[in-house]
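# Geometric and topological summary
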Amino acid sequence: RVLSIGEEWTIARGIRNPFFGYWSIGWGILCEMFYIPCAIALYRESRQSCYRIMFWLAIIDIIALVSNSLCFGFLLIEGSVFCSRPWFIWIVGCVGLGMWCGACIGCLLLVTYRLFEIMNMGRRFETQTNILIIISTCYALYFSFLTPPVLTNSKFNAMFYDPFIGDRFQYVNWPHTANNLLIVMTSATLYILLCVVLFTKQGAMSSEAGRTRMSTNGPIFIQASIICVFNVAASFVYIYMNFFPTPQILIELGQISWQFSHGVPPFIYLLLNKTVRRHCR
């Protein structure tokens, strides 16, 4: 049988990785199964700005998991590189990149709203929520269609700016680098500020009232910590590995952190959010 050009590139440059590929597909399917009912629950509460943002983030995450877990896993099992399936890999990369940047700006919106809410300024945010979501959608679409995508490479088990067919730094995506440095770090800083504000407010109350507030706001601390860990890890690893030689284990941890950043929220909602849990039941 005469091999196609794509098959020749796969054999010459690709490495089949069924273990990581099946993990990615399995993780994607598991998260989608839990996320869809959570998204419906969030939609039913979308009269509130906080839940409207969370519903928008759920849509972003569901689409992102198709790219960075389901399609990515298929390409690893096949052992693909960019020239194996250029159009498919390009589309997967565009979608994955845009949804990642959309999720970054969405997390920034969510933590900003929580800060406004704690400082009793939530109503000021309420009136602008729909406009901010539209701007965030445009932000995600900008990265999807107007910046270079990240491209799956089975040799390294991750997605890179570089298709590895020419000058490496010809394909750098500077807007994505800025997003990872500025937006993600701003979000992480605001989550830390959120925790400080909550502790400060609780410290000013009586011990019993403080314990009540702690039991109410404890899930926010846990959610903030989980989001920060995976977002910051994925952000810095992806920037570093696109510019510097990086150990393979660190590259794979960066990819897994990216998958977790989009896939963990439904489990957080089901464990810590009584409203979402009630609707899902």
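Calculation rules
Residues numbered from 1 in each chain as written. Predicted model: local features only at pLDDT ≥ 70, side-chain atom pairs only at ≥ 80, totals over all residues. Heavy atoms only, no water. Helix = DSSP H or I, 4+ residues; strand = E, 2+ residues; numbered from the N terminus. Buried < 20%, exposed > 50% of the residue type's maximum accessible area, 1.4 Å probe, protein only. Contact = heavy atoms within 4.5 Å. UniProt positions renumbered as here; feature names shortened; annotations may be inferred. Axes fitted to C-alpha atoms, helices over the stretch in contact; angles between N-to-C directions. Parallel < 35°, antiparallel > 145°, perpendicular 65-115°, else oblique. Phe/Tyr/Trp six-rings, centres within 6.5 Å; stacked < 30°, edge-to-face > 60°. Patch = residues over 30% accessible without salt bridge, like charges linked within 9 Å, V, L, I, M, F, W, Y side chains within 5 Å. Areas by Shrake-Rupley, 256 points an atom, 1.4 Å probe, with all protein chains shown as cover. Salt bridge = Lys/Arg side-chain N within 4 Å of Asp/Glu carboxyl O. pLDDT = per-residue confidence, 0-100. Expected span 1.5 Å × (residues − 1). Bend = angle between axes of the 7 residues up to and from the residue.

- Per an unreviewed UniProt entry, the chain goes by G protein-coupled receptor and derives from Pristionchus entomophagus.

## With respect to the overall build of the chain
- Scanning the chain from terminus to terminus reveals eleven helices and two strands.
- The order of α-helices and β-strands along the chain, N terminus first, is α-α-α-α-α-α-β-β-α-α-α-α-α.
- When burial is assessed residue by residue, the chain has 51% of its 281 residues classed as buried.
- Long-range contacts, defined here as pairs at least 24 residues apart, represent 79% of the contacts in the chain between residues at least 6 apart.

## Side note on the environment of C94
- Mapped onto the elements, C94 comes out in helix α4 (residues 86-118).
- Given a relative accessible area of 7%, C94 falls into the buried group.
- C-alpha of C94 to C-alpha of L141: the two residues are 47 residues apart in sequence and 9.2 Å apart in space.
- In this structure C94 touches S144 and P149, once residues within four positions along its chain are discounted.

## A word on the UniProt feature "transmembrane region" (unreviewed entry) in the chain
- As recorded in UniProt, the feature "transmembrane region" (unreviewed entry) lies at residues 20-43, 55-75, 87-111, 131-151, 181-199, 220-241 and 253-272.
- What you have in residues 20-43 is 100% helix and 0% strand, and the ends, taken at the C-alpha atoms, are 33 Å apart.

## A few points about the packing of helix α9 (residues 248-263) against helix α10 (residues 265-272)
- Relative orientation of the contacting elements α9 and α10 amounts to 45°, with a least axis distance of 5 Å. The angle between α9 and α10 falls in the class oblique. In contact with F260, S261, H262 and G263 of α9, α10 contributes P265, P266 and F267.

## A few points about the packing of aromatic side chains
- Taken as a whole and judged by the stated rule, the model has 16 aromatic pairs.
- Measuring from ring centre to ring centre gives 5.2 Å for Y142 and F143, while their planes differ by 80°; the resulting arrangement is edge-to-face.
- Taking the centre distance of 6.4 Å and the plane angle of 75° together, the rings of Y161 and F243 count as edge-to-face. Of this pair, Y161 sits in the loop between β2 (158-160) and α7 (174-203) while F243 sits in the loop between α8 (207-241) and α9, placing them 82 residues apart in sequence.
- For Y161, a relative accessible area of 3% corresponds to the buried category.
- For F243, a relative accessible area of 17% gives the class buried.
- Taken together through their ring pairs, the aromatic side chains of W23, W27, F34, F260 and F267 make up a single cluster.

## Structural notes on a nonpolar patch on the surface
- A surface patch of nonpolar side chains, about 480 Å² in accessible area, is lined by Y240, F244, I249, L250 and L253.
- A total of three residues in the nonpolar patch trace back to one element, the largest contributor, which is α9.
- Locating I249 in the fold gives a position in helix α9.

## Details of the confidence of the model for the chain
- Looking at the chain as a whole, the pLDDT averages 83, with 83% of positions reaching at least 70.
- No element of the chain has a lower mean pLDDT than helix α1 (residues 5-13), which averages 62, and none a higher one than helix α2 (residues 18-44), which averages 94.

## Some details on the environment of N17
- Structurally, N17 can be placed in the loop between α1 and α2.
- Each C-alpha atom, one on N17 and one on F74, is 9.7 Å from the other, the two residues being 57 residues apart in sequence.
- Residues contacting N17, with those up to four places away along its chain left out, are L76, I77 and N157.

## Side note on helix α3 (residues 49-78)
- The first and last C-alpha atoms of α3 sit 43 Å apart over 30 residues, in line with the 44 Å expected at 1.5 Å per residue.
- For α3, the principal kink sits at F72 and spans about 35°.
- The positive-phi residue at the C-terminal boundary of α3 is G79, with phi of around 80°.

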